[in-house]
Amino acid sequence: GATLKQETCLLTEDQFLCSICLDVFTDPVTIPCGHNFCKTCITEHWNINVPCQCPNCKKVFNTRPQLKVNTFISEMVAQFRQSAQPKGNKAELGKTEAEIQQMIQKRQLKIQEIKRSVELSKEGADREIADGVQVFTALKESVERSQAELIDTIKEKQRKTEKQAEDFIKELEQEISELKKRSSEVDQLSQSEDHLHLLQSFLSLNAAPPTKDWTEVSIRPPSYEGTVVRAVNQLEETLSKQMKKLFEVELKRVQQYAVDVTLDPDTAQPWLILSDDGKQVKHGDVKRNLPDNPQRFDACTCVLAKQSFSSGRFYFEVQVKGKTKWDLGVARESINRKGIITLRPQDGYWLILLRNKNEYKAAADPAVCLSLQSQPEKVGVFVDYEEGLVSFYDVDAAALIYSFNGCSFTEKLYPCFGPCLNYGGKNSAPLIISPVNHTE
């Protein structure tokens, strides 16, 4: 016992500090990677952060380790606490004071860093709002302009109808006036006793005035069929142009997060052929004799990337040109890789698929049929891990294909590629991971 006490006196407080609470251990526990923490500290840390990961070396434990108090370290801490009682050693106090000041300084710097982050976030939010307001103002103006033009078109049609009616009425009134005049003349003649005058006047009365046959004349209200539809259709074209501009900007932004991705041969189904540089994959006609390791797909024509991502944002592009069938997206680490696989988010896959040359689907549950303006030759895949977002872009058309929103990611995500069967050469073109040429 005495020897142990002497030994522990030589130990410093740093050796008994928990890296989470920065205080001397309380109920110290050792986790499988060998690092020590207070039992409460590591328990609370793992309750908040999934998956279970060592705060020091970042090692991930797929199953949560059971925690037992390390009695040896516990005794050492007790001995240390006993031996570390104040002995009036001013040098020791000075050292402690310096350490405290250093800890204060670190925390003050952290406060400044956090405040700066908030400032940058606010600047970003203000910029985004300003851009958004600009876009929506232009759209509102466009809608108001279209509405005004529509009202003018309808009013103009009505004005023409009213003008036509006025002209007809004027003409009819003119004829009525002429006829009344004739009526009066006929009336006067009927009173006359002069037969010769009567005969002459009767002949001249018959010759005039010319009148119109009004039986077929009518005012037809103008036709408005298609007027509103055409106006809205025009608006839709304007909106499409605006959307294209927005997607071009959006694509530029996500391309900033481009990462280098290569295929992992240890995950490739044995029928798949990978290029030497790990950038291309296609389905072959021969099953290769490969070890059936746990991470390898055995039935599904899939291969994962070597690279995985468990935070932040990442983006990569894949050429799908010339293919009639493919699967593309991301998958979580714990997916089932053996036998028949269901490609849906519940099973750890966030993919879009091509079937029968031109049928595009998002592999959601239920599947979503996608109506695309053009057939993508190159597809961009963007993931924002914290936002729970997986978006697919048609790179050449700068158009959004589909987005999975509100996903909850808790594991590593791997880019996932399915070139599908080659169908006797009809689908033999490879999927090619392409370098990202930032769109101008």
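No experiment lies behind these values; they were computed from the predicted model shown.

Chemist: Explain unusual backbone geometry here, please?
Modeler: Of all residues except glycine, most have a negative phi; of all peptide bonds, most are trans. In this chain, aspartate 365 is followed by proline 366 through a cis amide linkage whose omega measures 0°. Along the chain, proline 366 falls in the loop between strand S11 (359–362) and strand S12 (368–370). A positive phi is found at alanine 398, a non-glycine position, where the angle reads about 50°. Structurally, the position occupied by alanine 398 is in the loop between strand S14 (389–394) and strand S15 (399–404). Even without glycine at this site, tyrosine 423 takes up a positive phi of about 45°. If you trace the backbone, tyrosine 423 turns up in the loop between strand S16 (413–418) and strand S17 (431–434).

Chemist: Can you walk me through the UniProt feature "coiled-coil region" (unreviewed entry) in the protein chain in this structure?
Modeler: Sites flagged by UniProt as "coiled-coil region" (unreviewed entry) map to residues 140–189. Spanning residues 140–189, this segment combines 100% helix with 0% strand, and its end C-alpha atoms are found 73 Å apart.

Chemist: Help me understand the packing of aromatic side chains, please; the structure alone is not making it clear to me.
Modeler: Where two aromatic rings form a pair, the distance of their centres and the angle of their planes describe that pair. Going through the model one piece at a time under the given rule, you end up with 11 aromatic pairs. Between tyrosine 402 and phenylalanine 404 the ring centres are 5.0 Å apart and the planes differ by 80°, which places this aromatic pair in the edge-to-face class. Per residue, the accessibility class of tyrosine 402 equals that of phenylalanine 404, and both read buried. Members of the aromatic cluster, connected to one another through ring pairs, are Trp350, Tyr385 and Phe409. Note that lysine 212 overlies the ring of tryptophan 214, its terminal NZ or CZ placed 4.7 Å from the centroid.

Chemist: What is the right way to look at a nonpolar patch on the surface in this model?
Modeler: Residues Leu239, Met243 and Leu246 make up a contiguous nonpolar surface patch of roughly 230 Å² in combined accessible area. By the secondary structure assignment, methionine 243 is in helix H6 (residues 227–255). Judged by relative accessible area, methionine 243 falls into the partly exposed class, the value being 36%.

Chemist: Looking at this structure, how should I read the UniProt feature "domain: RING-type" (unreviewed entry) in the protein chain?
Modeler: Per the UniProt entry, the sites bearing "domain: RING-type" (unreviewed entry) are residues 18–58 in this numbering. Secondary structure across residues 18–58 divides into 24% helix and 20% strand, with the first and last C-alpha atoms of the span separated by 16 Å.

Calculation notes
- Residues numbered from 1 in each chain as written.
- Predicted model: local features only at pLDDT ≥ 70, side-chain atom pairs only at ≥ 80, totals over all residues.
- Heavy atoms only, no water.
- Helix = DSSP H or I, 4+ residues; strand = E, 2+ residues; numbered from the N terminus.
- UniProt positions renumbered as here; feature names shortened; annotations may be inferred.
- Phe/Tyr/Trp six-rings, centres within 6.5 Å; stacked < 30°, edge-to-face > 60°.
- Buried < 20%, exposed > 50% of the residue type's maximum accessible area, 1.4 Å probe, protein only.
- Lys NZ or Arg CZ within 6 Å of the ring centre and 35° of its normal.
- Patch = residues over 30% accessible without salt bridge, like charges linked within 9 Å, V, L, I, M, F, W, Y side chains within 5 Å.
- Areas by Shrake-Rupley, 256 points an atom, 1.4 Å probe, with all protein chains shown as cover.
- Salt bridge = Lys/Arg side-chain N within 4 Å of Asp/Glu carboxyl O.

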